[in-house]
Amino acid sequence: MKKFAIGLAVVVVLLVGAVLVVPGFINWNQYKPEIVAAVRDAAGRDLVVDGDISLSLLPAPALSVDGVRLANIEGGSAPDMVQLGALQVRVAFGPLLSGQIQVQSVRLVEPVILLEVLPDGRANWTFRQAETAATSSGDGASADGTPPLSLEAFVISDGVIVYRDQAAGVE
């Protein structure tokens, strides 16, 4: 019985180790088309990822995406509303185990963000609305089943934000 318990413990440790290490060996770039499609469906804008996507679980879950561009609205003064050198997101591991997403930090590296109002009054920061609005349920999750989300830090490194109101002629 003691040998069985030791064997089971070794198998569990190996499985947990594999779950934590294997994501570092996966080529996350193969998922770019799915990510681009999800953003297009949610925001109604095209997303381009020129660089690499990486995901690691140790020491804490972290996502890094290089060379990101989000399209501007039709009629905008530039083709892209947002250009990022990199996007880095770090998530707390413990709360994930209980179904909560606690984002420790979101870091935008070298962003160029263009906020503009077109002559017809449309603002490029207004995105297509979801067909059904999500409402909160009693367990903290929204009606669509997404887990609760919290954000601890949002950092912009070496960024530029341009505000342009074409109707008023202000920049």
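The following refers to the structure shown.

The rules we used
- Residues numbered from 1 in each chain as written.
- Predicted model: local features only at pLDDT ≥ 70, side-chain atom pairs only at ≥ 80, totals over all residues.
- Heavy atoms only, no water.
- Helix = DSSP H or I, 4+ residues; strand = E, 2+ residues; numbered from the N terminus.
- Buried < 20%, exposed > 50% of the residue type's maximum accessible area, 1.4 Å probe, protein only.
- Contact = heavy atoms within 4.5 Å.
- Areas by Shrake-Rupley, 256 points an atom, 1.4 Å probe, with all protein chains shown as cover.
- Lys, Arg positive; Asp, Glu negative; His and termini not counted.
- Salt bridge = Lys/Arg side-chain N within 4 Å of Asp/Glu carboxyl O.
- Phe/Tyr/Trp six-rings, centres within 6.5 Å; stacked < 30°, edge-to-face > 60°.
- Pairing = 2+ DSSP bridges.

In terms of helices and strands, the chain carries three helices and nine strands. Listed by position from the N terminus, the elements making up the chain come as α-α-β-β-β-β-α-β-β-β-β-β. Counting only residues that meet the buried cut, the chain has 27% of its 171 residues in that class. In the chain, the proportion of contacts linking residues at least 24 apart, taken out of those at least 6 apart, comes to 57%. On the chain, roughly 11000 Å² of surface is accessible, and the fraction owed to carbon and sulfur atoms is 63%.

Our next topic: unusual backbone geometry. A positive phi is found at E110, a non-glycine position, where the angle reads about 50°. We classify E110 as partly exposed; its relative accessible area is 48%. Even without a glycine there, the phi angle at D158 is positive, about 55°. On the secondary structure map, D158 appears in the loop between β8 (154-157) and β9 (160-165).

Attention now moves to the side chain of D165. Relative to the helices and strands, D165 resides in strand β9. Buried charged residue D165 carries no salt bridge. Nearest counter-charge: R164, at 9.7 Å.

On to the packing of aromatic side chains. Scanning the entire structure with this criterion turns up two aromatic pairs. Aromatic pair W28 and Y31: ring centres 5.6 Å apart, planes at 40°, arrangement tilted. Ring geometry for W125 and Y163: centres 6.4 Å apart, planes at 40°, overall tilted. With W125 in the loop between β6 (112-117) and β7 (149-151) and Y163 in strand β9, this pair connects stretches of sequence that are 38 residues apart. A relative accessible area of 39% places W125 in the partly exposed class.

All right, on to the pattern of salt bridges then. Going through the model one piece at a time under the given rule, you end up with five salt bridges. Between D50 and R69 there is a salt bridge whose closest N-O contact spans 3.0 Å. Residue D50 is located in the loop between β1 (47-49) and β2 (53-56), and its partner R69 is located in strand β3 (residues 62-71); the two are separated by 19 residues in the primary sequence. The salt bridge involving E171 is made with R164; its shortest N-O contact spans 3.0 Å. Where salt bridges share partners, they join D50, R69 and D80 into one cluster.

As a further point, take the environment of V170. In this structure, V170 sits in the segment after β9. Residues V170 and V117 lie 53 residues apart in sequence; the distance between their C-alpha atoms is 9.7 Å.

Turning to the pairing of strand β5 (residues 101-109), a few remarks are in order. Taken together, the six bridges between strand β4 (residues 80-91) and β5 define a ladder with antiparallel strand orientation. Bridge pairing links L87 to L108 in β5. Note: β5 against β8, four bridges, orientation parallel. Across the sheet, residue R107 finds its bridge partner in β8, namely V155.

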